[in-house]
Amino acid sequence: MDTGFSDRFWESPDGLKLHFRDYPGREDRVPVVCMHGLTRNARDFAALAEHLAGERRVLVPEMRGRGDSEYARDPATYTPATYVADVSVLLAQEGISRFVAVGTSLGGLMTMMLAAAEPDRIVGAVLNDVGPELQAAGLARIAEYVGQGRNFPTWMHAARALEEVHSAAHPGFDTEDWIAMAKRTMTVQQNGRIAFDYDMSIAEPFQAGGGAAPPDLWPAYDALQGGPLLIVRGGLSDLLSEETARNMLARHPDAELVTVPGVGHAPLLDEPAVVAAIDRLMAKAA
């Protein structure tokens, strides 16, 4: 089966044209919905989606203000609750009643919130370097760089700028890795300059305190107990503590924890141990 994706769209409740990648898969398998982090887009899941496609349909939505999705008219709507409402419309449009969720950072918060609203819909989940408790240090670090509207003349300049900010999270990256990350997170503008592929206004509610996470997500996390769970943690993560990850593991009857050594926030989900764990989860998911 062709595992290349189609570019498709849906409309948010407030009338925004939002984009998602749609990878084909077997109709007798529950599909996978991959949800990206705060400043990211569908390209983050390219390798994983291609790996899973064919066996399962994979949908990779881009939240409002990211990638090829329309920017919000009101920056106050850049909050997890709004993103969840947007994705719920997509699921309704595509007739998806049950799915496996893969969520990185913000996408993991969304996964828990979706489970809290309708726990029976999520038959398995991957939470990538995120949990119901977030460390203040990681949130503060994200607040420092989100919304910084820098642009660059070449991909090498862009890569070096990313390395300056994120080297502590990916100490093993070489120049090619940083260029690859730049091409995942940035885009060439009409003027030829390279800039981050998101609306800088997403920083406003995040830095105001309302765009990070709801105050108590443990009940939402516990709503994921209806299916297998994979917790992925970067060994150097400043957002998901080892203690929180262990507590998550203890509270879930069918959870696995994979820690990626030498990586901070967040693992790329292409690490061999992580891919193997995702495959194990998919084998158990209905």
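Every value quoted in this text rests on a predicted model; they were computed, and no experiment measured them.

## Some thoughts on the sheet that holds strand β9 (residues 194-196)
- Spatially, β7-β9-β8 is the arrangement adopted by the three strands of the open sheet, whose pairing is antiparallel. Since the sheet does not close on itself, it has two edges, and those belong to β7 (151-152) and β8 (186-188), each with one partner.
- Inspection of the sheet shows β7 paired to β9 by two bridges, in the antiparallel sense. In the strand pairing of β9, F152 is matched with I194.
- Packing against the sheet, helix α5 (residues 155-166) makes contact with β7, β8 and β9, and its axis sits at approximately 160 degrees to β8.

## Brief notes about unusual backbone geometry
- That bond from H265 to A266 is cis: its omega, 10 degrees, falls within 30 degrees of zero.
- The topology assignment puts A266 in the loop between β11 (255-260) and α10 (272-284).
- Even without a glycine there, the phi angle at S105 is positive, about 55 degrees.
- Within the secondary structure, S105 sits in the loop between β5 (99-104) and α3 (106-117).
- Residue classification places S105 among the buried residues on the basis of a relative accessible area of 11%.
- The residue D129 is not glycine, and still its phi comes out positive at about 55 degrees.
- Structurally, D129 can be placed in the loop between β6 (122-128) and α4 (136-145).

## Things to note about α10
- Under the 1.5 Å per step criterion, the end-to-end length of α10 is 19 Å for 13 residues, consistent within 8% with the ideal 18 Å.
- Tucked inside the fold, the buried residues of α10 contact β3 (32-35), α1 (46-52), β5, β6, β10 (229-234) and β11.

## Considerations on the pattern of salt bridges
- Counting across every chain of the model gives 18 salt bridges.
- In this structure, R73 and E70 form a salt bridge, with 3.8 Å as the shortest nitrogen-oxygen distance.
- A relative accessible area of 31% places E70 in the partly exposed class.
- Because the salt bridges share partners, they merge into one network encompassing R8, D22, R57 and E94.

## Considerations on the side chain of T77
- You can see T77 is positioned in the loop between β4 (58-61) and α2 (80-93).
- Taking relative accessible area as the criterion, T77 reaches 16% and is therefore assigned buried.
- In this structure the side chain of T77 is engaged in a polar contact, spanning 2.9 Å, whose partner is the side chain of R64.
- In contact with T77, other than residues within four places in its own chain, are D14, R64, A72, T82 and Y83.

Criteria and cut-off values
- Residues numbered from 1 in each chain as written.
- Predicted model: local features only at pLDDT ≥ 70, side-chain atom pairs only at ≥ 80, totals over all residues.
- Heavy atoms only, no water.
- Pairing = 2+ DSSP bridges.
- Helix = DSSP H or I, 4+ residues; strand = E, 2+ residues; numbered from the N terminus.
- Contact = heavy atoms within 4.5 Å.
- Axes fitted to C-alpha atoms, helices over the stretch in contact; angles between N-to-C directions.
- Buried < 20%, exposed > 50% of the residue type's maximum accessible area, 1.4 Å probe, protein only.
- Expected span 1.5 Å × (residues − 1).
- Salt bridge = Lys/Arg side-chain N within 4 Å of Asp/Glu carboxyl O.
- Polar contact = N/O pair within 3.5 Å; in protein donor to acceptor, adjacent residues only side chain to side chain.

The quantities given are spatial measurements derived from coordinates; they are silent on function.
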